[in-house]
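The residues making up each chain are set out below.
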Amino acid sequence: MIVMKFGGSSVANAERIKHVASIIKAYKEKKPVVVLSAMGDTTDHLLDAADQAVKGIVDVEGVAKLHKETAELLNVNIETIQDLLKELNQLLTGISMLKEISKRSRDYLVSFGERMSVRMMAAYLTKEGIPAKFYDAWDIGILSDSNYMAAELLDSVWDDIPKYLTGYKNGTDVEIPIVTGFIAKDVKGNITTLGRGGSDLTATMIGAAMQAEEVQTWKDVDGILTTDPRIVKEAKPVPEVTYEEAQELAMFGAQVLHPRSMVPVRKSGTPVRVKNSYNITSPGSIIVENHTGKEEVYAGSFYGTLKSEVERIWAKGHVIIFDIDVQGGVNLKRIFGDKAFSVFIQAPSVEVLRERLIGRGTDTLEAIEKRVAKAASEMEFAAGKFDHVLINDDLP
């Protein structure tokens, strides 16, 4: 069994849904459980509709139009979606009468996006001869606390999810489960949302609870890249990173899984693979507990190579951070070109810097700073705009 998660842009319209369906079909022998976000900008449109409802205006046409037109283009029965649209209209009418919306009502409101998305995909797959069944997350045991807009999953999900999906895993059930991401229910039956990274959390929780072969999150790039491709055109995919490295990247703004979504898979040891929905033959990047040594990391990446002196390099705004860890060398100019303005070097101690970066055990701290500054300038790190080097030698 594998878990496949697709975000909103992957199911934004009929053509994208057809493409995702073809990917699911290609992996059907792996027994995929599919987790979907709402179509495109549906969540934003739902929140806009709520703002209008607070002003006394009830209008679901924007949301309804997208889903009706998509269903027509896919040639699927939209009866279940019509029922949800009626329910949505009733909710907005209630909000318009109260002239306010609570956190609980907001979670109920935004849930319609994911709920319509899975119904659309399941209907289309079934029409194409691929048996599929939609599930709202709570239908497979995904329950949360009542912290609306940022709910946390209950510990019971570890035992409850297998109760509903083991039949599919062992072959008793043949329909591919298409599950809503991002949403859950509390023990009182109220719909909740899981906050940032919620759809990824749904996917990783299912994968961990079901001891899946891997969790796949499908994006529009060939995995986790060495740097931001909008800044450096030569950015390349990194075949393998650890959970810890992926969390650090996410904290620095990289579009990787949100750190909280990695908690279940770290507990179970389930690998996570970042794949490209536009290039399904690419192996992508795999996130694991520890480096296996089976994947050679590109020498100009954030991580250098497994033998490089620079384990990680972060760029944020006008600052670059080097984390000195293992032995060797790396071509820094290939990574960032002239994008940096200053350099911060992080290492366990000045002695480590002397031994690994400089190679002169007798150098003073000032000498190290000068040598690094000279090297950065020579590599045209900042095209003449280089400011300074700061070395932190007081790390735990």
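Residues numbered from 1 in each chain as written. Predicted model: local features only at pLDDT ≥ 70, side-chain atom pairs only at ≥ 80, totals over all residues. Heavy atoms only, no water.

Trainee: How should I be thinking about the overall build of the protein in this particular structure?
Mentor: On a plain count of helices and strands, the protein comes out with twelve helices and 14 strands. Surface accessibility of the protein: about 18400 Å² in total, with carbon and sulfur atoms responsible for 49%. (Helix = DSSP H or I, 4+ residues; strand = E, 2+ residues; numbered from the N terminus. Areas by Shrake-Rupley, 256 points an atom, 1.4 Å probe, with all protein chains shown as cover.)

Trainee: Mind showing me how you'd approach the sheet that holds strand β3 (residues 132–135) here?
Mentor: Pairing between the strands of a sheet comes from backbone hydrogen bonds, and it takes one of two forms, parallel or antiparallel. A sheet is described by the order of its strands in space; here eight strands give the open sequence β3-β4-β2-β1-β7-β9-β10-β8, paired in mixed fashion. At either end of the open sheet lies a strand with only one pairing partner, and these are β3 and β8 (240–242). Each adjacent strand pair in this sheet contributes to an overall mean axis angle of 25°, direction not counted. Here strand β9 (residues 272–276) pairs with strand β10 (residues 285–288) via three bridges, running antiparallel. Opposite V272, over in β10, you have I287 as the bridge partner. Strands in contact with helix α1 (residues 14–26) are β1 (2–6), β2 (32–36), β4 (176–180) and β7 (214–219); relative to β1, the strand with the most contacts, it is inclined by about 170°. (Pairing = 2+ DSSP bridges. Axes fitted to C-alpha atoms, helices over the stretch in contact; angles between N-to-C directions. Contact = heavy atoms within 4.5 Å.)

Trainee: What exactly am I supposed to notice about α1 here?
Mentor: The α-helix winds at 3.6 residues per turn, so residues separated by three or four positions along the chain end up facing the same way. The end-to-end C-alpha separation of α1 is 19 Å, in line with the 18 Å expected for 13 residues at 1.5 Å each. Listing the buried residues of α1 in full gives A14, R16, I17, V20, A21, I23 and I24. Buried residues along α1 sit against β1, β2, α3 (61–74), α5 (103–127), β4 and β7. If you check the start of α1, you find a side-chain oxygen 3.2 Å away from the backbone N of E15, and it comes from N13. (Expected span 1.5 Å × (residues − 1). Buried < 20%, exposed > 50% of the residue type's maximum accessible area, 1.4 Å probe, protein only. Polar contact = N/O pair within 3.5 Å; in protein donor to acceptor, adjacent residues only side chain to side chain.)

Trainee: What is the right way to read the nonpolar core from this model?
Mentor: In globular proteins that are soluble, nonpolar side chains generally tend to be buried together. Core analysis: the largest hydrophobic core is formed by 84 residues, its most contacted members being F6, L88, M121, I161, I178, I206 and I287. The element best represented in this core is α5, accounting for nine residues. Residues contacting M121, with those up to four places away along its chain left out, are V11, I17, V20, A21, I24, L36 and I178. Formed by five residues, the second largest nonpolar core is a distinct cluster that contains W138, F182, I183 and I191. (Core = buried A, V, L, I, M, F, W, Y, C linked by side-chain atoms within 4.5 Å.)

Trainee: I would appreciate a short explanation of the packing of helix α2 (residues 42–54) against α3 in the present structure.
Mentor: For any two helices packed against each other, one specifies the inter-axial angle together with the distance between the axes. Two elements in contact, α2 and α3, have axes whose closest approach is 9 Å; the angle formed by their N-to-C orientations is 150°. Between α2 and α3, the crossing angle belongs to the class labelled roughly antiparallel. Residues T42, H45 and L46 of α2 form the contact with α3, whose participating residues are V63, L66 and H67. Taken together, the residues that form the contact of α2 with α3 break down as three nonpolar, three polar and no charged. (Parallel < 35°, antiparallel > 145°, perpendicular 65-115°, else oblique. Nonpolar A, V, L, I, M, F, W, Y, C, P; charged D, E, K, R; others polar.)

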